[in-house]
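Here is how the chains run, residue by residue.
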Amino acid sequence: MLKIPKTVLQSTVDDEMVLMDTLKGEYFGLNKTGTVLLTALLETQDAAAAIAKAVELFDAPEDIIAGDLEVLVEDLLKRNLLLEKGSDPFSF
């Protein structure tokens, strides 16, 4: 299960999400596509469902969207802005 940790603040403005790591004081901005992908993934916990939603909204090829989601999740995990359940930073 993927979640945004308690140490990360999240805000969405004009279809774009901003994540702030309160421990490091760093911001990370997501464009509309990234916001849709992350929101759908967090809501469904299903990569295929998140990809399908983005494909439908953006009329983009599934393989491109799937690649974008993979890169996004890897980047957010690396930055500790997204965690797999059980990986702490003050939990979920």
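Okay, so let's go over this structure. Everything numeric in this text was worked out from a predicted model, so none of it was measured. (Residues numbered from 1 in each chain as written. Predicted model: local features only at pLDDT ≥ 70, side-chain atom pairs only at ≥ 80, totals over all residues. Heavy atoms only, no water.)

**Section: the pairing of strand E3 (residues 16-21)**
Reasoning step 1: Burial of E3 is one-sided: the residues Met-17, Leu-19 and Asp-21 facing one way are buried, the residues Glu-16, Val-18 and Met-20 facing the other way are not.
Reasoning step 2: Sheet topology note: the strand E2 (residues 8-13)/E3 ladder contains 6 bridges and is antiparallel. Paired with Gln-10 across the bridge in E3 is Leu-19.
Reasoning step 3: The antiparallel pairing of E2 with E3 creates a hairpin that spans 2 residues between the two strands, and Asp-14 there sits at a positive phi of about 50°.
Reasoning step 4: Taken together, the 5 bridges between E3 and strand E4 (residues 26-30) define a ladder with antiparallel strand orientation. For Val-18, the partnering residue across the bridge sits in E4 and is Gly-29.
Reasoning step 5: Where E3 hands over to E4, the hairpin turn is made up of 4 residues, of which Gly-25 adopts a positive phi near 75°. (Buried < 20%, exposed > 50% of the residue type's maximum accessible area, 1.4 Å probe, protein only. Helix = DSSP H or I, 4+ residues; strand = E, 2+ residues; numbered from the N terminus. Pairing = 2+ DSSP bridges.)

**Focus: helix H3 (residues 62-78)**
Reasoning step 1: Look at H3: 24 Å from first C-alpha to last across 17 residues, which is about the 24 Å you get at 1.5 Å a residue.
Reasoning step 2: Buried residues along H3 sit against strand E1 (2-3), E3, E4, helix H1 (32-44) and helix H2 (47-58).
Reasoning step 3: Immediately downstream of H3, the backbone of Asn-80 shows phi near 60°, a positive value. (Expected span 1.5 Å × (residues − 1). Contact = heavy atoms within 4.5 Å.)

**A closer look at the packing of H1 against H2**
Reasoning step 1: Look at H1 against H2: their axes get within 8 Å of each other, and the N-to-C directions meet at 145°. Between H1 and H2 the crossing geometry is right-handed. Residues Lys-32, Thr-33, Val-36, Leu-37, Ala-40, Leu-41 and Thr-44 of H1 form the contact with H2, whose own contacting residues are Ala-47, Ala-49, Ala-50, Ile-51, Lys-53, Ala-54, Leu-57 and Phe-58.
Reasoning step 2: Residues belonging to the contact of H1 with H2 are distributed by class as follows: 11 nonpolar, 2 polar and 2 charged. (Axes fitted to C-alpha atoms, helices over the stretch in contact; angles between N-to-C directions. Left-handed = near helix turned anticlockwise from the far one by under 90°. Nonpolar A, V, L, I, M, F, W, Y, C, P; charged D, E, K, R; others polar.)

**Comments concerning the packing of H2 against H3**
Reasoning step 1: Look at H2 against H3: their axes get within 9 Å of each other, and the N-to-C directions meet at 125°. By the angle between their axes, H2 is oblique relative to H3. The chirality of how H2 crosses H3 is right-handed. Facing Ala-47, Ala-50, Ile-51, Ala-54 and Val-55 of H2, the residues of H3 in contact are Glu-62, Ile-65, Ala-66 and Leu-69.
Reasoning step 2: Across the contact of H2 with H3, the residue classes break down as 8 nonpolar, no polar and 1 charged. (Parallel < 35°, antiparallel > 145°, perpendicular 65-115°, else oblique.)

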